[in-house]
Protein chains: 4
Amino acid sequence: MKVGVLGLGYWGPNLVRNFLGNNNVSSVVGCDESESRRSFITNRFPGVGLCSDFNDMLKMDLDAIAIATPVATHFKFAKAALDSGKHIWVEKPFTSNSDQAKKLIELAKKKKLKIFVDHTFVYTGAVRKMKEIVEKNELGDIIYFDSVRVNLGLFQHDVNVMWDLAPHDISILNYLLPNKKVVAIAANGIANYYDHENVAHISVYFDNNCFAHFHVNWTSPVKIRRMILGGKEKMLVFDDMENIEKIKVYDSAVEMKTKESIHEALVQYRTGDMYSPKVVQTEALALGVEEFIASIIEDRKPLTSGLEGLQVIKILEAADESVKNKGKLIKIS
Amino acid sequence: MKVGVLGLGYWGPNLVRNFLGNNNVSSVVGCDESESRRSFITNRFPGVGLCSDFNDMLKMDLDAIAIATPVATHFKFAKAALDSGKHIWVEKPFTSNSDQAKKLIELAKKKKLKIFVDHTFVYTGAVRKMKEIVEKNELGDIIYFDSVRVNLGLFQHDVNVMWDLAPHDISILNYLLPNKKVVAIAANGIANYYDHENVAHISVYFDNNCFAHFHVNWTSPVKIRRMILGGKEKMLVFDDMENIEKIKVYDSAVEMKTKESIHEALVQYRTGDMYSPKVVQTEALALGVEEFIASIIEDRKPLTSGLEGLQVIKILEAADESVKNKGKLIKIS
Amino acid sequence: MKVGVLGLGYWGPNLVRNFLGNNNVSSVVGCDESESRRSFITNRFPGVGLCSDFNDMLKMDLDAIAIATPVATHFKFAKAALDSGKHIWVEKPFTSNSDQAKKLIELAKKKKLKIFVDHTFVYTGAVRKMKEIVEKNELGDIIYFDSVRVNLGLFQHDVNVMWDLAPHDISILNYLLPNKKVVAIAANGIANYYDHENVAHISVYFDNNCFAHFHVNWTSPVKIRRMILGGKEKMLVFDDMENIEKIKVYDSAVEMKTKESIHEALVQYRTGDMYSPKVVQTEALALGVEEFIASIIEDRKPLTSGLEGLQVIKILEAADESVKNKGKLIKIS
Amino acid sequence: MKVGVLGLGYWGPNLVRNFLGNNNVSSVVGCDESESRRSFITNRFPGVGLCSDFNDMLKMDLDAIAIATPVATHFKFAKAALDSGKHIWVEKPFTSNSDQAKKLIELAKKKKLKIFVDHTFVYTGAVRKMKEIVEKNELGDIIYFDSVRVNLGLFQHDVNVMWDLAPHDISILNYLLPNKKVVAIAANGIANYYDHENVAHISVYFDNNCFAHFHVNWTSPVKIRRMILGGKEKMLVFDDMENIEKIKVYDSAVEMKTKESIHEALVQYRTGDMYSPKVVQTEALALGVEEFIASIIEDRKPLTSGLEGLQVIKILEAADESVKNKGKLIKIS
């Protein structure tokens, strides 16, 4: 299989490296307007083909194209790639809005091509282990999902902090709890520097007794990557800044005794042991590449397809509308 | 000076111990209906007087009474104590609503008595050090204030998690940034077990380019007590779970270059050294007791008086209204 | 039961508080030459009797006397207390040398009195949990015991850092591994400020395939309290600076495959899950007091008697001789 | 410049990648007997030349050869490379004994070739920053150096844990404190699995009031990489497991007041603020490669030459002799 990578900036070289490392990929071609980015690749990966014009890449004999460019350009490049018969890999967030996402999904369906959206975290050992624990129902009913993703980050020019950071957490939420239906979104935040919010808090209401919250911030002096899943039986903490003990499962819970009188001790809590399962350390991107290639070979939907990309975009759109209206509740259909 | 302590449950014994330890206090009397709580005190502090009926305490020759009972009873006991001519110390939150708070403030003014609200954190070495740093303007303009206070906590029967935990953070915010005017509140959360929310997120809008957020949760498997002050020059993190390095000041900031083109690198960031100032370890409650006694002797307003208590209650009332309406924006007059 | 406490400096007030809190203790008397220390006690514990002369205390109607004075005076005061028919509680380290320890043990035996040596850590929830795990043989054969106890500590005038800090770790080692026989000691270190070492490393050789090491340091900028028990099946880490997860058990081990060829892969390792058991948080000193009182009432040897105190002193004596001779191996009989 | 890399196992591919990334290197050739290791390289770095026989590599037109093979083979390969006129890069530890090291240094001198020993840590941002702080004399006189390097590591077949892990710490010590003269070594430890020690403690005596200790362990369930430099004015902690705040400088110290009486408060301590300087994050290996290439181009001694390699070997030899004799003091000439 032959793969092209469009955009050799920050993330593109990682794609090049991982496509090179995949056994089903025989050659990789990179494309970027910038000569310095192209020579960066030449130095590190002497055998990789290069071009400076995307139209040249479209004419090459390639099976798939990976798009690692700014969000605003995803639709244009993705559409062109699909039109020229290539399977596509698109960096997150999938598109700038849900209309674009729907159009690409429609086009791929018509052309019988695959769309893979790079929700990388779904391919990490930690999130896989969380999925396993949730599926075994070890935590009991999930009552809340809390995520913090903050650091002193590079401002994106075309999107706010929600579009930059929250796709990771939303895609993890959707992967872990596919049966929880989101019904409404409220988002609050502030844009201290220019039009785009640099701090945001997204509250997510579900159709049952569950609640989620995403805190994203580009202007935090410390890097925090923490997720808490509160269950009725046990609770789980995923701290991605930990080198080893990334996941901890606490045998802690709140116990309702009775509802007879609000002045009685009707709510108690217990704490017990904690355990931290071993997490597979394979690079997520390598597993993502494997899944993309396998979905093409086996002609099946990849785990993170355009549909999963669209679900994330819908929540981001609602969050955008809410944050512009100071937390106004936005219903999700 | 002679002091009575009403309520010898969880916090009352700490008040007894700290009033005993104050040089201007000659005797301490405790009051609780429960015999086991009274004998708990007798064992540990053999010389402390005890009674079981608050009316008996009101008749004693006491200068001041400290009220450490459930919130719903604060107003009743505080009013009776003021009526009988005693200065009062009231645990946080001050009262169940702002009307009660205003009435007590009015009554104390008429009677020329002091009200001290126990916003303990204002008396910690860490918050004092933060105040010092903010006042020196070391951080530059504060653009956001973020606080997380979560753990597996005992549910209160008469209030939700916001009334239980957020008073700490709101009182710190008010103390650190007295000139920032709160204009509106939006709160989201969930009540998983009974009527009262166990998870809540409070967003605070100010009249200028600043934003605050409080995350409180009674159902977290891990205890987090972290506050971030984002400044235009430097940023500060206060982690109360750290034994030693509670405060860290980061020489990190976002730098606006130009607004010429949104596609240019108009926002950059820099990171530099971090320092962690030494923090005085004196017990906050001892300093609070000292301030209360001094305000009586010197006949002056204590640092955390009824007014400071009222400001906290106003925000909690607005948060309550908002959370019942899924984040509806509530204006603060 | 009536108890006297000699020495009201740093640790004495904790003894007063915990004897007061014990249900079998009816009254507590404190003794210290310093008036300021006596009035410190009067303020905090108004009902406690006080005296300034130890001879007065000896004449009082007391069942037991706790000795919390500098090490060099332990023997003198302990002997006088036993001579006057009192059971004794002695702070660690028991005595200045093993001869003194043996004499006190002999005297107590003759007088049918109890000696309790305050190896406080043996009464902590964490060490109790470790004992439970070791006794269940969950770790397999213990191959090494590694302990670090360092901080910026107050220099003791009459002993070096080994006599001040290592008794904790040696008493834990003896409690956890009573069947491991120490055969030799080697200690290295340095005295940077005056005659007494402020940094020391004690290596302990056993009569089988096991090794222990204690690192103690009064001049470390950071406080570290960590112990590792390396087992052939699992490994345990006890970090006393952790607030909650003090003990972690790692399902990690080294696996010997074959000894055929030293150039083959004969040693492999595996890592698995980790768990952190819940640890009881009761104050160790309260449990120590309980054990002391119970040993008197039930007329039996307390868990940490003079014998356990003597074992610690023997290792400290050997370490002293070794460190003065730059690590010379000292045999233990 | 053209460079060959011998040994494409664990570390070799990193050398290949970093030589490729250096601007003065035009081509890289790899050599390994194992076909799977060679095809690993082909996949990732399609343009790199490969051979399976070191004799073929010796005949190639190469300027330098990097040797990343087991320690026991270093001398043989290094000698052959020098004999054929190539500059050499040798992984740590330099050789199996000091005689071999001296012979290679002699040979390189005669042939006017460079020897670079890969003491990687000397090229990290953290150690560079430590050097800067020590050279400014910010810490005052260094009174002790304490290092812990433990984890569950792959056992080496031809060396014990000291030869595997301690070279890092010894090379850092030599780099930071070049004027401290080592006079004697004492080492204790245990070999639980086969002939080679898996746990070791190395004490280092200097010719003045300074002491160093290295703790290395292949059988620890947790990974610890910590170094403490105790100074008379300030103290520094380097924790390599920290992602960001790797270095912390504590304004803490012990203060001698007087020596009049050992029973007076002659030793006190003070604690103040802590700061954590920003550390450059450039990959150390890239900087090491740069220094090696620069030393060839500029015809000068590289920072970590054969001499620095020899100094490390001397300490390891002494430690080996000591550990075989249970801590016997071994003088260093």
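Predicted, not measured: the structure shown is a model, and the values here were computed from it. (Residues numbered from 1 in each chain as written. Chains lettered and ligands numbered in written order. Predicted model: local features only at pLDDT ≥ 70, side-chain atom pairs only at ≥ 80, totals over all residues.)

Asker: Any chance you could explain the overall build of chain A here in plain terms?
Answerer: Counting its secondary structure elements, chain A contains 9 helices and 17 strands. For chain A, the C-alpha radius of gyration of 21 Å lies close to 20 Å, the compact-globule estimate for 333 residues. Seen through its C-alpha atoms, chain A measures out along the principal axes to roughly 75 × 45 × 40 Å. Relative to its full complement of 333 residues, chain A shows a buried share of 52%. Expressed as a percentage of contacts within chain A between residues at least 6 apart in sequence, the contacts between residues at least 24 apart total 65%. (Helix = DSSP H or I, 4+ residues; strand = E, 2+ residues; numbered from the N terminus. Rg over C-alpha atoms; globule rule 2.2 N^0.38 Å. Buried ≥ 20, exposed ≤ 12 C-beta atoms within 10 Å, placed from the backbone. Contact = placed C-beta atoms within 7 Å.)

Asker: Hey, could you run me through the nonpolar core in this one?
Answerer: General note: in soluble globular proteins, nonpolar side chains tend to be found buried as a group. Residues A:Val5, B:Val5, C:Val5 and D:Val5 are the most contacted members of the largest nonpolar core, which totals 412 residues. Excluding its chain neighbours within four sequence positions, the residues that come into contact with B:Val5 are B:Gly12, B:Leu15, B:Val16, B:Phe19, B:Val28, B:Gly30, B:Cys31, B:Ala66 and B:Ala68. (Core = buried A, V, L, I, M, F, W, Y, C linked by C-beta atoms within 7 Å.)

Asker: Just to check I follow, could you spell out the sheet that holds strand S2 (residues 27-31) of chain C for this structure?
Answerer: Hydrogen bonds along the backbone pair up the strands of a sheet, which may run parallel or antiparallel. Residue and element names in this part refer to chain C. Strands sit in the order S3-S2-S1-S4-S5-S6 across an open sheet of 6 strands; the sheet is parallel. Lying at the two open borders of the sheet, with one neighbouring strand each, are strand S3 (49-51) and strand S6 (115-118). Across the sheet, the mean angle from the axis of one strand to that of its neighbour is 20°, orientation sign disregarded. Where strand S4 (residues 64-67) lies against strand S5 (residues 87-91), 4 bridges are found, and the strand directions are parallel. Bridge pairing in S5 links Ala 64 to His 87. (Pairing = 2+ DSSP bridges. Axes fitted to C-alpha atoms, helices over the stretch in contact; angles between N-to-C directions.)

Asker: I'm lost on unusual backbone geometry in this one. Help?
Answerer: Of all residues except glycine, most have a negative phi; of all peptide bonds, most are trans. Of note, the amide linkage connecting C:Lys92 to C:Pro93 takes the cis form, showing an omega dihedral of -10°. Looking at the element boundaries, C:Pro93 is found in the loop between S5 and helix H5 (98-111). In this structure, D:Lys112 takes a positive phi of about 55° despite not being glycine. Along the chain, D:Lys112 turns up in the loop between helix H5 (98-111) and strand S6 (115-118). Here the phi dihedral of D:Asp299 falls at roughly 45°; this positive angle occurs in a residue that is not glycine. Here D:Asp299 shows up in the loop between helix H8 (284-297) and helix H9 (306-324).

Asker: Looking at this model, I keep getting lost on the relation of the copies chain A and chain B. Mind explaining?
Answerer: Here the two chain copies are tied together by a rotation about an axis and a shift along that axis. Overlaying chain A with chain B gives an RMSD of 0.0 Å, the required rotation being 180° about an axis along which the chain moves by 0.0 Å. Such values leave the two copies arranged in the relation of a two-fold axis. A share of 100% of interface residues in chain A that are also interface residues in chain B marks the association as one of identical surfaces. (Least-squares fit on C-alpha atoms with pLDDT ≥ 70 in both.)

Asker: Is there a simple way to think about the interface of chain B and chain D in this case?
Answerer: Where the parts come together, the accessible area they lose is often given as the size of the interface. At the interface, 9 residues of chain B touch 9 residues of chain D. Alignment of strand S16 (residues 274-276) of chain B against strand S16 (residues 274-276) of chain D, held across 3 bridges, turns out to be antiparallel. Looking at the pairing, B:Tyr275 lines up with D:Tyr275 of S16(D).

Asker: I'm lost on the relation of the copies chain B and chain D in this one. Help?
Answerer: When chain B is fitted onto chain D, the two copies agree to an RMSD of 0.0 Å after a turn of 180° and an axial shift of 0.0 Å. Of the interface residues in chain B, 100% have counterparts in chain D that sit at the interface too, so the contact is made through matching surfaces.

Asker: Before we go on, may I ask you to explain the pairing of strand S7 (residues 142-152) of chain A in this structure?
Answerer: Two faces belong to every sheet, and in a regular strand the side chains alternate between them. All names here are of chain A. Summarising burial for S7: 10 of the 11 residues are buried, a large majority. With 7 bridges joining them, S7 and strand S10 (residues 211-217) adopt parallel strand pairing. Opposite Val 150, over in S10, you have Asn 217 as the bridge partner.

Asker: Looking at this model, I keep getting lost on the interface of chain A and chain B. Mind explaining?
Answerer: Counting residues at the interface gives 42 residues for chain A, matched by 42 residues for chain B. Those elements giving two or more residues to the side of chain A that touches chain B turn out to be S7, strand S8 (182-190), strand S9 (199-206), S10, strand S11 (219-231), strand S12 (235-239), strand S14 (253-256) and strand S15 (267-270) of chain A. With 6 residues, the single largest contributor to the side of chain A that touches chain B is S11(A). Here the side of chain A that touches chain B is built from residues that sort into 25 nonpolar, 15 polar and 2 charged. (Nonpolar A, V, L, I, M, F, W, Y, C, P; charged D, E, K, R; others polar.)

Asker: Explanation requested: the sheet that holds strand S5 (residues 87-91) of chain D in the structure shown.
Answerer: Residues and elements named next belong to chain D. If you walk across this open sheet you meet the 6 strands as S3-S2-S1-S4-S5-S6, and the pairing is parallel. For this open sheet the edge positions go to strand S3 (49-51) and S6, each flanked by a neighbour on one side alone. The average undirected angle you get between the axes of adjacent strands in this sheet is 20°. In the sheet, strand S2 (residues 27-31) pairs with S3 via 3 bridges, with the strands oriented parallel. Its bridge partner lying in S3, Cys 31 is registered against Cys 51. Its contacts with the sheet place H8 against strand S4 (64-67), S5 and S6, and it is angled at close to 170° to S6.

Asker: Teacher, can you tell me more about the domain arrangement of chain A here?
Answerer: Residue and element names in this part refer to chain A. Along its sequence, chain A is organised into domain 1 (2-120 + 285-302) and domain 2 (122-281 + 314-331). Inter-centroid distance (C-alpha atoms) of domain 1 to domain 2 is 30 Å. At the junction of the two partners, domain 1 supplies 12 residues and domain 2 supplies 10 residues. Considered class by class, the residues forming the side of domain 1 that touches domain 2 number 5 nonpolar, 5 polar and 2 charged. (Domains from an automatic or database assignment.)

Asker: Which parts of the structure should I look at to understand the packing of helix H6 (residues 125-135) of chain C against helix H7 (residues 161-176) of chain C?
Answerer: All names here are of chain C. Direction vectors running N to C along H6 and H7 enclose 30°, while the axes themselves pass 10 Å from each other. Taken as a pair, H6 and H7 cross one another with a handedness that is right-handed. Between H6 and H7, the residues in contact are Val 127, Met 130, Lys 131 and Val 134 and Ile 172, Tyr 175 and Leu 176, respectively. Here the residues of the contact of H6 with H7 sort into 6 nonpolar, no polar and 1 charged. (Left-handed = near helix turned anticlockwise from the far one by under 90°.)

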